[in-house]
Amino acid sequence: MLALGSTALLATLAFMSGCGGNHDKAATAAIPPDAKQKAQDLIAPLIGKPSAFPITEPLKSPVPAGTRIAYVDNGNALVSLIYKLMQPAAKELGVELYAVRAGTSASGVQSAFSTVVQQRPAAVINTAIDPALWDNQRQQLVSAGIPVISLGTVAGAGSGLVQPNGEAAFEKQGRLQAAYLVANNDKAVHAVLYVHTELAYGTAVRRGFETELKELCPDCKARVVQIPITEVGNKAPERIVSDLRANPDTDAIAFQSSAVATGLPAQLKVAGLENIQIVGANPLPTNLQYLKDKQSTVELGADLNTLAWTAMDTAARLITKQTPPQNVLNGEALVQQFLRPEDITFDPTPGFSAYPDVANRFKALWGK
């Protein structure tokens, strides 16, 4: 009996130590009511409704016939998705949007952008590929007067890049994710933010997350863990579970990009970590299905379809020498909304679209 009792005790202790989200809340400081209210005020505009449509000013001049726009595609799921979403916009504008394939290596990226420089398109669109990897080509494109629209990057103001969803948008993402945790917990959380250093905007997300969490809840804790981008879609779930087991006081997860969570719910279930809070961002259709199935807590949805059309609109304005709207120049032209399980009343397969009539809105702006 003693042996059996000891075995049961050890099993119980092992289970408790392996489960994130189950640390002793009684010893955790309460979040002050004023901090919770401030956090709730920050997220309220994005609960149940999206942020405002980003473009309202008409395009003054049509894009010249025969216009060609290059898109650099490194094969990342998000990068390839954006290219697909841009195709209808390109068709409506009457331009040829073509892809130049690049690998994830620095040499592959440089080779792709060198090809673009030689082709001399009317404009270039990049998504999430760090400009530091193609700095020489960036300078050549800017010197040649070829507009470069860069999505999801954080290059400085002197880079010559136009970044509709730049540093400001991603720092805001981190702040909103932190605010959501504070607004929806009574006691201080122990959170982990999983980032990808290969995607340059991770620095801005991290800064926003850590800053807002500290400001709202000094007793809350935040760790930041790097997940190699090459592990997204394969080894990432195992790495995340191992990290959570090594840090059993973690009760909340935030993602720079929810693509890293592909396959994670099943791994969390096996590990007994199903109760951990998950605050994702930039969800792919798979992540939206997880949310619909209540396998995650919330997603800070980015309307990638509207972003794709916004990028094409920005290219058109730059090609025709029309200054883009200020929110585009400031890097804040990103439509966002907090999506909860009850908000996924739509088919998640095409992804999140805050404005299903986006095509008609832009067609009106373009005089089509």
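The rules behind the values
Residues numbered from 1 in each chain as written. Predicted model: local features only at pLDDT ≥ 70, side-chain atom pairs only at ≥ 80, totals over all residues. Heavy atoms only, no water. Buried < 20%, exposed > 50% of the residue type's maximum accessible area, 1.4 Å probe, protein only. Helix = DSSP H or I, 4+ residues; strand = E, 2+ residues; numbered from the N terminus. Contact = heavy atoms within 4.5 Å. Pairing = 2+ DSSP bridges. Axes fitted to C-alpha atoms, helices over the stretch in contact; angles between N-to-C directions. Core = buried A, V, L, I, M, F, W, Y, C linked by side-chain atoms within 4.5 Å. pLDDT = per-residue confidence, 0-100. Phe/Tyr/Trp six-rings, centres within 6.5 Å; stacked < 30°, edge-to-face > 60°. Lys NZ or Arg CZ within 6 Å of the ring centre and 35° of its normal. Parallel < 35°, antiparallel > 145°, perpendicular 65-115°, else oblique. Left-handed = near helix turned anticlockwise from the far one by under 90°. Nonpolar A, V, L, I, M, F, W, Y, C, P; charged D, E, K, R; others polar.

A. Highlighting unusual backbone geometry. Even without a glycine there, the phi angle at Arg120 is positive, about 50 degrees. Residue classification places Arg120 among the exposed positions, given a relative accessible area of 54%.

B. Structural context of the environment of Ala259. When you line up the elements, Ala259 lands in the loop between β7 (252-255) and α9 (264-271). Residue classification places Ala259 among the buried positions, given a relative accessible area of 13%. Separated by 65 residues in sequence, Ala259 and Pro324 have C-alpha atoms that sit 30 Å apart. Ala259 has contacts with Val232, Leu284 and Asn287, leaving out every residue within four places of it along the chain.

C. Up close: the sheet that holds strand β3 (residues 123-127). With parallel pairing, four strands are arranged side by side in an open sheet as β2-β1-β3-β4. The open sheet terminates on both sides in strands that have one partner only, identified here as β2 (96-101) and β4 (148-151). Strand-to-strand twist in this sheet, taken as the mean axis angle between neighbours without regard to direction, amounts to 20 degrees. Two elements, strand β1 (residues 68-73) and β2, share six bridges in a ladder whose sense is parallel. Across the sheet, Arg68 pairs through a bridge with Glu96, a residue of β2. Taken strand by strand, helix α4 (residues 106-119) contacts β1, β2 and β3, and its axis lies near 145 degrees from that of β2. Lying over the sheet, helix α11 (residues 304-319) contacts β1, β2, β3 and β4, oriented at roughly 160 degrees with respect to β4.

D. Region of interest: the nonpolar core. Of all hydrophobic cores here, the largest spans 87 residues; its most connected members are Ile69, Met86 and Met312. If sequence neighbours within four positions are ignored, Ile69 has contacts with Val95, Glu96, Leu97, Tyr98, Pro121, Ala123, Ile125, Met312, Ala315 and Ile319.

E. Region of interest: the confidence of the model for the protein. Overall, the predicted model of the protein reaches an average pLDDT of 91, with 93% of residues at or above 70. Here residues 1-26 is modelled with pLDDT under 50, and outside its nearest four sequence neighbours on either side it reaches 23 contacts, counting other chains as well.

F. Spotlight on the packing of aromatic side chains. On inspection of all chains with the given rule, the structure shows eleven aromatic pairs. Connected via pairs of aromatic rings, a cluster forms that spans Phe53, Trp309, Tyr355, Phe362 and Trp366. Positioned above the aromatic ring of Tyr98, the side-chain terminus of Arg68 is 4.2 Å from the ring centre.

G. Seen up close, the packing of helix α3 (residues 77-93) against α11. Contact geometry for α3 and α11: axes closest at 8 Å, N-to-C directions at 55 degrees. Relative to α11, α3 is oriented oblique. Regarding α3 and α11, the two cross each other, and that crossing is right-handed. Across the interface between the two elements, Leu78, Leu81, Ile82, Leu85, Met86, Pro88, Ala89, Ala90, Glu92 and Leu93 from α3 touch Leu304, Asn305, Ala308, Trp309, Ala311, Met312 and Ala316 from α11. For the contact of α3 with α11, a count of residues per class yields 15 nonpolar, one polar and one charged.

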